[in-house]
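Given next are the chains, with one letter for each unit.
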Amino acid sequence: LVEMAEGAAAALKKSKQTVAVFESTTAGLIQAALNAVPGASSYVTCGAVTYGKEKAGAVLGMDLSSFPRPPDGTAYKDSKNVWTQTIARHKRREVGATWCICESGACGPTFNYPEVSAGFTSIFVSGPIEKGVFVNSGSADREANMWGFAQLALDLLAECVAEAEGLATAAAEKVLTSKEDRYGGVEVEVTNFDETTPAAIFSQ
């Protein structure tokens, strides 16, 4: 577990940011991996595992009536992208975490639609930047899919945190200019600042 989350954990610690996790087919592996890294209390906020829309509403505290049962396998897969985006964005704001990961899909070995014969997942990360991936595993091996999907989610989180930090650093270099003043201190000039400039540059 530790090895799976080392990249994401290191990025979160470095940036002093937090994450919430809401997963389904990975059944808590994403959260467990993040929690397994020493110092996890500095970046982990909360999370939940939901399995089935009927019970998910009670756990998530959300009205999920806008998610009807998809008519076929293609629509079923498409609905997972809408689901993960909606949950990640909503719960990040509600929890107050810097980042939120949401994962949902199907692992096998059996599936609810005849058009679906292998595992798949939709993973969405919401935060200072947002990214989502949809992956077909090509396998109906339940446990292998669970571990693989969890690793994908953790890698995507690490990528997002690192990319956001890079953007903030680049913005800081563009906006903040420092020079020594006549008293031996440092003067900082703020230039090219507008409403699109990341606030994170002031914590560099």
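S.K.: Break down helix 4 (residues 73-95) for me, with residues and values.
M.R.: Spanning 23 residues, helix 4 covers 32 Å between terminal C-alpha atoms, matching the ideal 33 Å at 1.5 Å per step. If you check which residues of helix 4 are buried, you get G73, Y76, K80, W83, T84, I87, A88 and K91. Considering only its buried residues, helix 4 is in contact with strand 1 (19-23), helix 3 (53-60), strand 3 (99-106) and strand 4 (120-126). Two to three positions downstream of the cap, the backbone nitrogen of T74 sits 3.2 Å from a side-chain oxygen, assigning the N-cap of helix 4 to D72. Downstream of helix 4 by a residue or two, G96 has a phi angle that is positive, lying close to 85°.

S.K.: Before we move on, could you go through the sheet that holds strand 5 (residues 131-136) and cite the residues and values that matter?
M.R.: Spatial strand order, 2-1-3-4-5: five strands in an open sheet with mixed pairing. On the outer flanks of this sheet lie strand 2 (44-49) and strand 5, each paired with one strand and no other. The mean angle between the axes of side-by-side strands here comes to 10°, regardless of whether they run parallel or antiparallel. For strand 4 and strand 5, the ladder comprises six bridges, and the chain directions are antiparallel. The partner of I123 across the bridge, within strand 5, is V133. Contacts between helix 2 (residues 29-36) and the sheet are confined to strand 1, strand 2 and strand 3, with strand 1 contributing the most and set at about 150° to the helix. In this fold helix 4 packs onto strand 1, strand 2, strand 3, strand 4 and strand 5, with an angle of close to 155° to the strand it touches most, strand 3.

Parameters and conventions
- Residues numbered from 1 in each chain as written.
- Predicted model: local features only at pLDDT ≥ 70, side-chain atom pairs only at ≥ 80, totals over all residues.
- Heavy atoms only, no water.
- Helix = DSSP H or I, 4+ residues; strand = E, 2+ residues; numbered from the N terminus.
- Expected span 1.5 Å × (residues − 1).
- Buried < 20%, exposed > 50% of the residue type's maximum accessible area, 1.4 Å probe, protein only.
- Contact = heavy atoms within 4.5 Å.
- Polar contact = N/O pair within 3.5 Å; in protein donor to acceptor, adjacent residues only side chain to side chain.
- Pairing = 2+ DSSP bridges.
- Axes fitted to C-alpha atoms, helices over the stretch in contact; angles between N-to-C directions.

Limitation: the analysis is restricted to geometry and does not speak to function.
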